[in-house]
Structure formats: structure tokens, C-alpha cells
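# Chains, contacts and geometry: an overview
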Amino acid sequence: MGAFTPTRQETIEDQKLYLDGRLREIACLDCLAKVKVKKNSEHHTAVQWSDEALGHCTEFARLSGQPGGRPVYESCPRLMASIDRAVTEGELEVGAEDGY
Amino acid sequence: MSTATTEARALDHGLPPARYARGWHCLGLADTFRDGKPHRVEAFERKLVVWADSEGKLNALDGYCRHMGGDLTQGEVKGDQIACPFHDWRWGGDGKCKEIPYARRVPMRARTVRFETAERNGQLFIWHDPEGSAADLDILPPEIPDVLTDAYTPWSWHTKEINGSHCRELIDNVADMAHFYYVHFAFPTSFRNVFEGHTATQYMSSKGRPDMGSGGYGDENSTLKSVATYYGPAYMINWLEVDYKGYVTEVILINCHLPTSQSSFTLQYGIAVKKPEGLDEKTVNYIAERYTESFGTGFLQDVAIWENKAPVQNPLLCEEDGPVYQLRRWYEQFYVDQAEIKPEMVDRFEFEVDTTKANEYWQAEVAENLRRRAEEGSTADAEAAATADA
Ligand code: FES
Ligand SMILES: [Fe+2]
């Protein structure tokens, strides 16, 4: 039940597809963080964090200790490397399905 | 690719929310309210009255007097209070009636709706929450270093009424990579979103379209690096670095709005330009005016689309589109009770758009437009010459 209420059942299905479709769990090779990732192409990446994963990320913890705190735009380079690795190892498939 | 026939897709217009967003809303430049007069502000389907007390502190109350409904925005500031034009009841910034000059005492229940106020970057903010929570000062937008000093031009501030659209249309822009080419005449060469907590950010590099002359986002001689963050539902700070023929200018653009109904809002934008070293005041002001003009044009380009489009609850996306569903999920946190905020509305989400294919196509399209124009130009020249000959 959302604030902007869909009027069609199919919209709920669309929301599931675009929000959760094909997300794969990827574990960081350097810390305990596990995130959900989708890669539609070599250059595209979607990363869904959870509060728990954020708490595990040592790189983010280090950045948070800086004056001014962690810059929100910064990705975790270790996690990004782990994602690349998952692609090379064939654990994470690259490619889109009909636009999602 | 399969060519199986699929059913025609229906647009789900959805139903607008039954409330207005929780969060800080900017009313404009704080000093404009400090002229000793009551000011009228339309927001959240209400009329508000805003005034400064004798110390310059700004107050915001519901605009209608709780006595007999007099319009406080047409009243008078008397001391620290706003006096109603109908029977002179005096209302304080804390929402209580302080005095009824003709009465022995003030009824204890004489209390009206008040909005907590705060100032940031020379702008006035009010806290709005349909649940009536106390203002959350921790999530006020940040102070922008040096912006009120001589290092920047003073805010150039503008207001525009938008009718026929819910303000979420404006928010959707955050994730909309391709509209920058079609609506704002710029090539986004890189495009990234990060949503986390109460912030949503767009990172974009772009350059102007050479076939369009100067539009909202600059011409072919300029490249733009832009970081634009929403702090809460209605206030965005956009840090821009414009490189014009190797000459870099830092511009700060504020983009904020006040919802006035579920299908209208007041858009406000403000621009401050970091004064380039070694330029005289006149040149600096000229530069600031040009940027104000061009970003103003940028908003008008969006408005033309909003005024004619349909609301869509079920956008159909392609691979090159930004994460509009995730953006809307983030935005929804402001429309539910605080206890109803789901983790996924505030969890960090990163999305890098692949702009490769789009840029290939756009480069070719622009080249073709320029070629055709040159050809038409030379035909026109030849015709003109022929006419002149005859
Ligand atoms: S209505 Fe305001 S004083 Fe009577
Ligand atoms: Fe736009």
C-alpha cells in the first residue's frame, strides 16, 4: 500500500520486476558485506545495499572516520572489484532482459 | 529478438497521495520576509502567514485566525505578533494567542497551527509533517560554505507556479538521463544516481548539443559537471562546474518547491555564482545573469513537458533509463508515517547508467542535423543569389 496508489494489479508486478528482478547476491571479497547486484551491460551496474551490509563495509567505515564524514557518492572500491571478479568468474551474468 | 504479439500496454495514472510530504520546505530568501509586513504563502492546500518578530526571527502560522477566520496575511505586525485585521487578536510565533486587546482574558484554547522555522544559506525553511512531529534539525539541508560571503554573487531567486502536475514529476528528473538530450539539449556523457537515507543524488557530466545553440544546459562550447542532491522531499542543491572554452565557473543552483495541491506546486530556483578571480563586479554580475537566464530556460523546458504529459504509475523502461522505480521508492518515505518507513526506502542504492549506445546515436543524429542545416543553408544562399540575379 503506497502513498501513490497504483490502480492496476499489473503495476505491482512491474514494481517487483524493476525493483527486484534479476538481483544477485554478491559478497565482498574483503569484508562481510553482501549486496544485491544487477549488471545490464559492462558499463551498467545497480547495487542494492542493506543496513547490515553498510555496517560491514570496512572501506565505508574508514571513510566515515574522515572529517566531514563519508562522501555519499563514493562507491566502495573493494566491493566494485568484487563485482568485477564475480563477472569474470561467471557468477554474475551481464545482460538485460527486455529493458529491466 | 522475438516478435510475438503482446497486448497493448495500459498507462496506470495511479492515485495521488492523500497527504503532503514530511520534511523541510524552503519558502524563499529569508530577508524578503523581514520588511515588517505579514506575507502570504500558499502551501499544502493552505494559506500561511509568515512574518518577522522584533528580533528578526521568522514565524509561520496557518493564515486564518481561529477567532472568526480573519485573514492574517492581511493583518499587521504589532510588536512580535501578527494582529488579525478583523478583531485585532494577536498571535505569537508559538501559535498561541497572546492578547485580545478588547477582552479581559484570552481563552486557553486559543492556539493555531504553527510551522517550525529554520534558516539555511539565507533561505527560510518550514517543517511540515502531517503526523505533527517536532522538527528534525538533523536533516536540515547543509550550509553551503562561503555562499553568503563576497566569494559568491548574492542569490538570484525566482518563483514559478506550475499547474496540472504533481510535484513528483519534478523529482523524476533526478533519474532521467535521456531527457537531458531531448528536453535540455545536452549530451549526458556519464550519469549516476545514489539514494541513501533522506538524500537522493544525481551525478552527471554533459556537454551542450552543437545543433541547438544555447539552451538550458549550455551550448557546444561548454561541458558541465553536475552534482545534484535532494535533501528531503523538496529541496535540492546542485553544484555545477561549467567549463566554457576552458574557462571554469562554479555555480550553485537551488531547486526547491512547495506543493500547493495534489496537482500544482510552486517551483523556486536560486543561483549563486562563485566570483572568478580578477574579474570586475560588472562582468561577474553579467555572468551570473547569463547563468540565471539559462537555468531558468532549463526549467521552462521541463515545464512544457509536465504541463502536457500524463501521470504514470507504471513507466515502461529500457536498459538506458535511470532507476525511476527506485527513486520513487525513496521518495515514498516522505509520504508514509515515520513508523511505516520500510528499510528499502532508505537503504543505499547505487546505479550507473550506461550512456554508450545513447551517445553513439546522439552524436550521429547531431552530425546529421548539422549536415542538413548546412545543405539547406547553401540551397537558401543559392536561391537568394538566383533571386538577386533575376
Ligand atoms: S477573526 Fe481574527 S480577530 Fe476576529
Ligand atoms: Fe529536466
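Residues numbered from 1 in each chain as written. Chains lettered and ligands numbered in written order. Predicted model: local features only at pLDDT ≥ 70, side-chain atom pairs only at ≥ 80, totals over all residues. Heavy atoms only, no water.

### Focus on the overall build of chain A
For clarity, the cut-off: Each helix is a run of H or I in the DSSP string that is no shorter than four residues. Each strand is a run of E no shorter than two, and both are numbered from the N terminus. We compute the radius of gyration from the C-alpha atoms alone; for a globule the expected value is 2.2 Å times N to the 0.38, where N is the number of residues. Between buried and exposed lies partly exposed: a residue is buried under 20% and exposed over 50% of the maximum accessible area for its type, with that area taken using a 1.4 Å probe on protein chains only. Residue exposure ignores everything except the shown protein chains as possible cover, and the areas themselves are Shrake-Rupley values with a 1.4 Å probe. Counted charges follow a simple rule, with Lys and Arg positive, Asp and Glu negative, and His plus the chain ends left uncounted. Every charge is mapped onto a representative atom, which is NZ of Lys, CZ of Arg, CG of Asp or CD of Glu.
Looking only at helices and strands, one finds four helices and three strands in chain A. In chain A, the order of α-helices and β-strands from amino to carboxyl end is α-β-β-β-α-α-α. Since a compact globule built from 100 residues should have a radius of gyration of about 13 Å, the 16 Å found for chain A marks it as more spread out than a globular shape. Every one of the 100 residues in chain A was classed for burial, and the buried ones make up 43%. Accessible surface computed for chain A: about 5700 Å², of which carbon and sulfur atoms make up 48%. Across chain A, the centroid of the 12 positively charged side chains sits 2 Å from that of the 17 negatively charged ones.

### Let's talk about the interface of chain B and chain A
How big an interface is tends to be expressed through the accessible area that disappears when the partners come together. Defined as follows: Should any heavy atoms of two residues lie within 4.5 Å, those residues are counted as being in contact. Computed with a 1.4 Å rolling probe, the buried area is the accessible surface lost when two parts are put together, summed over both parts. What makes a salt bridge here is a side-chain nitrogen of Lys or Arg within 4 Å of a carboxyl oxygen of Asp or Glu, nothing more. Identification of polar contacts relies on pairs of N or O atoms within 3.5 Å, with a donor-acceptor requirement for protein atoms, meaning one able to donate a hydrogen and the other able to accept it, and with residues adjacent in sequence counted only if both atoms are side-chain atoms. Residue type decides the class: Asp, Glu, Lys and Arg count as charged, Ala, Val, Leu, Ile, Met, Phe, Trp, Tyr, Cys and Pro as nonpolar, and the leftover types, Gly among them, as polar. Only strands joined by at least two bridges in the DSSP assignment are considered to pair.
Opposite the 36 residues of chain B that make contact, chain A presents 35 residues. Summing the contributions of chain B and of chain A, the shared interface buries around 3200 Å²; its carbon and sulfur component is 51%. Applying the counting rule to chain B against chain A returns two salt bridges. Across the pair Asp14(A) and Arg9(B) runs a salt bridge, and its minimum N-O distance is 2.7 Å. Linking chain B with chain A are 22 residue pairs in polar contact (both at pLDDT 80 or more). For the side of chain B that touches chain A, the secondary structure elements donating two or more residues are strand 13 (186-196), strand 14 (199-208), helix 4 (324-332) and strand 19 (349-353) of chain B. Counted by class, the side of chain B that touches chain A contains 16 nonpolar, seven polar and 13 charged residues. Here four bridges tie strand 3 (residues 45-48) of chain A to strand 19 of chain B, and the two strands are oriented antiparallel to one another. In the strand pairing of strand 19 of chain B, Gln48(A) is matched with Phe349(B).

### Quick word on the sheet that holds strand 8 (residues 97-99) of chain B
If you trace the four strands from one edge of the open sheet to the other, you get 5-6-7-8 (chain B), paired in antiparallel fashion. Looking at which strands have only one partner, the edges of the open sheet turn out to be strand 5 (76-78) and strand 8 of chain B.

### Things to note about a positive patch on the surface
All names here are of chain B. For clarity, the cut-off: Patches draw on residues past 30% relative accessible area with no salt bridge. Two like charges within 9 Å are joined, as are two nonpolar side chains (Val, Leu, Ile, Met, Phe, Trp, Tyr) within 5 Å.
A cluster of basic residues, Lys57, Lys96, Arg111 and Arg114, forms a positive patch on the protein surface. Of note, Lys96 is situated in the loop between strand 7 (90-91) and strand 8. Lys96 sits in the partly exposed class, given a relative accessible area of 35%.

### Some details on the pairing of strand 14 of chain B
Residues and elements named next belong to chain B. Counting buried positions along strand 14 yields eight of ten residues, so the element is predominantly enclosed. One ladder, built from ten bridges, connects strand 13 with strand 14; its direction is antiparallel. Within the sheet, the bridge partner assigned to Asn193 lies in strand 14 and is Gln202. Here strand 13 folds back onto strand 14 in antiparallel fashion, the turn holding two residues, of which Gly197 has a positive phi close to 60°.

### Structural notes on the domain arrangement of chain B
Residues and elements named next belong to chain B. This is how it is decided: Domain delimitation follows an automatic or database domain assignment.
Here the domain parsing of chain B yields domain 1 (23-139) and domain 2 (156-364). Between the C-alpha centres of domain 1 and domain 2 the distance comes to 32 Å. Between domain 1 and domain 2, the buried area comes to about 1400 Å², and carbon and sulfur atoms account for 60% of it. When the area that domain 1 buries against domain 2 is broken down by residue, the three leading residues are His25, Cys26 and Glu131, summing to 30%. Viewed at the interface, domain 2 and domain 1 are joined by zero salt bridges. Secondary structure elements with two or more residues in the side of domain 1 that touches domain 2: strand 1 (23-29), strand 2 (39-43) and strand 11 (123-128). For the side of domain 1 that touches domain 2, the leading source of residues is strand 1, giving seven residues.

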